[in-house]
Amino acid sequence: MAIKVIIIGSGVGGTAAAARLSKKGFEVEVYEKNSYNGGRCSLIHHNGYRFDQGPSLYLMPKIFEETFEDLGENIKDHIELLQCKSNYKINFHDGLQFEHSCDLSKLKRSLERFEGNSEDTLLRFFDFMKESHIHYETSLGFAMRTDFQNWYDLLNIKHIPTLLKLHLHNSVYTRACKYFKSDYMRRAFTFQSMYMGMSPYHGVGAYNLLQYTEIAEGIWYPKGGFNKVLQSLENIAVKHGAKFNYNSDVQEIIIDNEGAAKGIKLRNGDVINSDIVICNADTVYAYNHLLPKTSYAEKLGKKKLTSSSISFYWSMNQIIPQMSVHNIFLSSEFKSSFDQIFDDHTLPDDPSFYVNVPSRIDPTAAPEGKDTFVILVPVGHISDRPNIDFDQLVKTAREHVIATIEKSLKISNFRGMIDHEIVNDPRSWQNEFNLWKGSVLGLSHTFFQVIYFRPSLKCKIFKNLYFVGASVQPGTGVPVVLCGAKLLEKQICDRFLTNKKVKSNSWSTLIIFLIGLLSILLFWLS
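In the nomenclature of an unreviewed UniProt entry, the chain corresponds to Phytoene desaturase from the organism Sipha flava. Of the chain, the UniProt comment under Sequence similarities (unreviewed entry) reads exactly: "Belongs to the carotenoid/retinoid oxidoreductase family." Quoted verbatim from the Pathway (unreviewed entry) field of UniProt, the annotation for the chain is "Carotenoid biosynthesis."

Written out as structure tokens, the structure reads:
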């Protein structure tokens, strides 16, 4: 008899886990509170316009390919990928522009405009790429493909050389200052930390791996919208017998008297039993609202979170040729804008923002002769700070975006080109997707909230309960969550299909732990 698995949520992690486990022979049922799949990675449709509600940059393509290969599929049979000719345009506060490109000759000319046209400019850039390449490859093997279930998985002497390569004692911005002389390029090659909802002044140096994948592997877009990835994974899961239940809001994960998860209770009162429960709902929300109260849940609720966003989805009544597929508008007050987001949990006085125009690369995103705009303005998550008027913040953000676009791109009456508007803000992210405090990317990636220190895929409090998604190992971002689904599959198959058990000698483990701890302490003190 097949082992029954219930998955809560059809986001990236839940859908990928459903496809993987159903292929392995598990009886899988997915329960999703909304009427559509993908969670944040979903689509909004309005009068012929199509908007990506969340992710719009398809990065680290090899991880997507690997996911489909593991499922016995060729990704090219499911998704048509379109590569951006230019990665994006960066608009600085004073009207200057920088074109970020995979084309080395174009990128070289763009760099020289800000860094000077000496040979040293290109050599420093190559040194930056070398470092970010090491960070990329090392992080892929160490952080994204390693299962840190136990403390001794981390504090192992074999990891010391790896840790030394990752510049964990530096920030993303500090590393950029080593390779770029101008303030313009330091900003242009550090704002990407916001892909992870973090400040470049606080994100550890290794996260410049994002800049590497943009240049070395390119920025892509799935024709029909990012949600095509999720649709394809769901179709594969269904082919292997998985069932997806929409409009099915889970009220509770049922824990029996022996402390084991044995099923779920829906908000309509229905109870569904299972052998395993996998939670793809926001992890902090789940521990605090779906499970019995624990001190761990309270502790999780106080951990550092990523930012939220005010997102505008605009139906434009004409094509705006000055816009590329991806457009960045950077604040004149770069550092203080991040401080206001992460320290004050509010909208910066002069916020940076991102504009995605999917119709520029995929004409099906808008009616003929018109454009689809998605604007993301980073803002602090919901906090205990009193007197935060989110309605006013939305109005302020909207006016700032319109005024900045009109000034930077010399477009008059841009406001009049907006036919229709849909808005997400921290409140809707919280209500629609159960995101804790409206944080769009879950728990932050500070040093003590990654690898072993991040919540485990396997619940350490209740038996037969697992998690997958942005706030558990290995971390946030679509490709990273896909890696998490693969680690989860291995854990569950090792336990329930092969009954594989890891044995360790307590003395040798202790010795390895002490050596590892000493090495790490020496590293931090050096």
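Next comes the rest of the description.
Q: Just checking my understanding: could you explain the overall build of the chain for this structure?
A: When you go through the chain residue by residue, the secondary structure sums to 17 helices and 19 strands. Computed over the C-alpha atoms, the radius of gyration of the chain is 23 Å, within 12% of the 24 Å expected from 2.2 N^0.38 for a compact globule of 526 residues. Over its C-alpha atoms, taken along the principal directions, the chain stretches across nearly 65 × 55 × 50 Å. Relative to its full complement of 526 residues, the chain shows a buried share of 59%. Put simply, 73% of the contacts in the chain that link residues at least 6 apart link residues at least 24 apart. On the chain, roughly 22000 Å² of surface is accessible, and the fraction owed to carbon and sulfur atoms is 52%. Positive and negative charge centroids in the chain, built from 58 and 55 side chains respectively, lie 4 Å apart.

Q: What is the right way to read helix α3 (residues 104–115) from this model?
A: Side chains of residues three or four places apart in an α-helix project in the same direction, reflecting 3.6 residues per turn. Here α3 contains 12 residues, and its C-alpha end-to-end distance of 15 Å stays within 8% of the 16 Å for a straight helix at 1.5 Å per residue. What α3 keeps buried is the set L107, S110, L111, F114 and E115. Angular distribution of buried residues about the axis of α3 spans 115 degrees; they occupy a single face of the element. Turned more than 90 degrees off the buried face of α3, the exposed positions are R109 and R113. Remark: G116 follows α3 within two positions and exhibits a positive phi of approximately 100 degrees.

Conventions we followed
- Residues numbered from 1 in each chain as written.
- Predicted model: local features only at pLDDT ≥ 70, side-chain atom pairs only at ≥ 80, totals over all residues.
- Heavy atoms only, no water.
- UniProt positions renumbered as here; feature names shortened; annotations may be inferred.
- Helix = DSSP H or I, 4+ residues; strand = E, 2+ residues; numbered from the N terminus.
- Rg over C-alpha atoms; globule rule 2.2 N^0.38 Å.
- Buried < 20%, exposed > 50% of the residue type's maximum accessible area, 1.4 Å probe, protein only.
- Contact = heavy atoms within 4.5 Å.
- Areas by Shrake-Rupley, 256 points an atom, 1.4 Å probe, with all protein chains shown as cover.
- Lys, Arg positive; Asp, Glu negative; His and termini not counted.
- Charge placed at Lys NZ, Arg CZ, Asp CG, Glu CD.
- Expected span 1.5 Å × (residues − 1).
- Arc of directions from axis to C-beta.

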